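Reading the structure
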Amino acid sequence: MKFSCDCNFVVRDQRNRLPYKATYLSDKAGERVGDWLLSELDSYVAAVRSGAIREWLEQRGLGDEFWLGQTDGVRINDLILSKAEAQSRTAYECEACGRLWLEDEHQRQFSYRPANDEPNNPFDWD
Ligand SMILES: [Zn+2]
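Residues numbered from 1 in each chain as written. Predicted model: local features only at pLDDT ≥ 70, side-chain atom pairs only at ≥ 80, totals over all residues.

Points about the sheet that holds strand β4 (residues 89–93)
Across the sheet, which stays open at both edges, the four strands sit in the order β3-β4-β5-β6 with antiparallel pairing between neighbours. Sheet topology places β3 (21–24) and β6 (109–112) at the edges, where each strand pairs with a single neighbour. The mean inter-strand angle of the sheet, taken between neighbouring strand axes irrespective of direction, is 25 degrees. Sheet topology places strand β5 (residues 100–103) next to β6; four bridges connect them, and they run antiparallel. By the bridge assignment for β6, W101 is matched with S111. (Pairing = 2+ DSSP bridges. Helix = DSSP H or I, 4+ residues; strand = E, 2+ residues; numbered from the N terminus. Axes fitted to C-alpha atoms, helices over the stretch in contact; angles between N-to-C directions.)

Considering helix α1 (residues 27–50)
Taking 1.5 Å of rise per residue, the 24 residues of α1 would be expected to cover 34 Å, and the 35 Å separating its terminal C-alpha atoms lies within 8% of that figure. α1 sits mainly on the outside: zero of its 24 residues count as buried. Once α1 ends, the next one or two residues include G51, with phi positive near 75 degrees. (Expected span 1.5 Å × (residues − 1). Buried ≥ 20, exposed ≤ 12 C-beta atoms within 10 Å, placed from the backbone.)

Below is the structure:
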């Protein structure tokens, strides 16, 4: 994926660990994801304890042999990522002018220009 910034610099998203990219949840979406996650984890643990994990997976469309053969960690990790990815949005900072590109609820992209008109590297941390 790539797009042109208002300054004509081409922002590219074609590899992992980009220092000018971030993935974010709104505070409201984060609360909703947190509530959902708590409910799903309680449900998962109850299914494991009662030996009903096959039924739990089938209820979520994951009843095939692939998912039955996965560890609890893989299942839970995928569960979290699938929900978080659906609710999250992507932000970029233009490496040339520092303009921030964000997405709204409908994944429409819009931008903000920094007061100093230069990159400030807000997403370049580990
Ligand atoms: Zn720019």
